[in-house]
Amino acid sequence: MNTLTISQIFSNFSYYQENYLSILADQSQYQIPVEEAYVDVWPLGHRQLSLGDLLQLWFSQKWLIDVPCRLRQEHKDGGCKTPLHRQQDLYLYQLAGSALSGSNRSKVWSLSEQKVLSVELDSALKYYCFQKGSNRINLSDTQLIRALHSAI
């Protein structure tokens, strides 16, 4: 299985927008790994994200950052953080931080700049919960039918 990069996804972003539902429905496309796309929130754990995970989070606007955040300027002394607020421009794909303190080092793709930006979001736990809430449930057809029958 080929691994995609964030820049590859955004260079063909219109394709993913148009084929979003078919990608989510096809297990082999959904599970395509994406380089450097993950959630790592202490103490809750680490999880790699796939193409389907990201598309689901982005197109539901759960990981489309429309609230103010802080742009992190990397530097050996810790760097500085400058306020950043854009509408429909920042797509989160990497979340690393603490659920307890909320501090985080996250990465987003900027549509307007066509590049990766390092940011600090308002809460790591909030975005972790969005991701957990959108996890794909893998059931066989038989399991799904059984679950639906028991619900009726």
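The structure displayed is predicted, hence computed values, not measured ones.

Here is what the cut-offs are and how they apply
- Residues numbered from 1 in each chain as written.
- Predicted model: local features only at pLDDT ≥ 70, side-chain atom pairs only at ≥ 80, totals over all residues.
- Heavy atoms only, no water.
- Helix = DSSP H or I, 4+ residues; strand = E, 2+ residues; numbered from the N terminus.
- Buried < 20%, exposed > 50% of the residue type's maximum accessible area, 1.4 Å probe, protein only.
- Areas by Shrake-Rupley, 256 points an atom, 1.4 Å probe, with all protein chains shown as cover.
- pLDDT = per-residue confidence, 0-100.
- Contact = heavy atoms within 4.5 Å.
- Phe/Tyr/Trp six-rings, centres within 6.5 Å; stacked < 30°, edge-to-face > 60°.
- Pairing = 2+ DSSP bridges.
- Arc of directions from axis to C-beta.
- Polar contact = N/O pair within 3.5 Å; in protein donor to acceptor, adjacent residues only side chain to side chain.

Visitor: How should the overall build of the protein chain be read in this particular structure?
Guide: Each helix and strand counted, the protein chain has 7 helices and 8 strands in total. Buried residues in the protein chain amount to 38% of all 152 residues. For the protein chain, the exposed area adds up to about 8700 Å²; of that, 52% sits on carbon and sulfur atoms.

Visitor: Would you explain the confidence of the model for the protein chain in this entry?
Guide: Interpreting fine coordinate detail is not advised for predicted regions of low pLDDT. Per-residue confidence for the protein chain averages 85 on the pLDDT scale, and 80% of its residues sit at or above 70. The least confident element of the protein chain is helix 7 (residues 141-151), whose mean pLDDT is 60; the most confident is helix 1 (residues 6-11), at 97.

Visitor: How do you make sense of the environment of K107 when you look at a structure like this?
Guide: Here K107 shows up in strand 7 (residues 104-110). Between the alpha carbons of K107 and L95 there is a distance of 6.7 Å; along the sequence they are 12 residues apart. Apart from the residues within four sequence positions on either side, K107 is in contact with Y91, L92, Y93, Q94, V116, L117 and S118.

Visitor: Help me understand unusual backbone geometry in this model?
Guide: As a rule of thumb, non-glycine residues mostly have phi less than zero, and peptide bonds are mostly trans rather than cis. W42 connects to P43 through a cis peptide bond whose omega is 0 degrees. Looking at the secondary structure, you find P43 in the loop between strand 1 (33-42) and strand 2 (45-50). The backbone of E36 shows a phi angle near 65 degrees, a positive value even though the residue is not glycine. Mapped onto the elements, E36 comes out in strand 1.

Visitor: Can you walk me through helix 5 (residues 51-59) in this structure?
Guide: Residues separated by three or four positions in an α-helix point in the same direction, a consequence of the helix having 3.6 residues per turn. The buried fraction of helix 5 amounts to 7 of the 9 residues, a majority that puts the element mostly inside the structure. Residues L51, G52, D53, L54, L55, L57 and W58 constitute the buried set of helix 5. Following helix 5 by one or two positions, Q61 adopts a phi angle in the positive range, close to 65 degrees.

Visitor: Looking at this structure, I do not really get the packing of aromatic side chains. What am I missing?
Guide: Aromatic ring pairs are defined here through the distance separating the ring centres and the angle between the ring planes. Considering all chains together, one arrives at 11 aromatic pairs under this definition. The interplanar angle of 25 degrees and the centroid separation of 4.7 Å between the aromatic rings of F10 and F13 together place this pair among those described as stacked. We note that F10, like F13, is buried. When its relative accessible area of 5% is taken as the criterion, F10 is described as buried. The rings of F10, F13, Y20, W58, F59, Y91 and W109 are connected pair by pair, giving a single aromatic cluster.

Visitor: Quick question: what am I supposed to make of the pairing of strand 7 here?
Guide: Where a strand is regular, its side chains alternate between the two sheet faces. A large share of strand 7 lies buried, amounting to 5 of its 7 residues. Remark: 5 residues form the turn of the hairpin made by strand 6 (residues 90-98) and strand 7, two consecutive strands paired antiparallel; G102 in that turn has positive phi of roughly 85 degrees. In this structure, strand 7 lies alongside strand 8 (residues 115-120), joined through 5 bridges in antiparallel fashion. Bridging across to strand 8, S110 finds its partner in K115. In this structure, the hairpin formed by strand 7 and strand 8 is closed by a connection of 4 residues, where Q114 is found at a positive phi of approximately 55 degrees.

Visitor: It is not clear to me how helix 6 (residues 124-133) should be interpreted in this structure. Could you clarify?
Guide: Turning to helix 6, its buried residues are A124, Y127, Y128 and Q131. Viewed along the axis of helix 6, the buried residues span an arc of 105 degrees, placing them on a single side of the element. Those residues of helix 6 that are buried lie in contact with strand 1, strand 2, helix 5, strand 3 (64-65), strand 6 and strand 7. Where helix 6 starts, the residue carrying a side-chain oxygen 3.4 Å from the main-chain nitrogen of L125 turns out to be S123.

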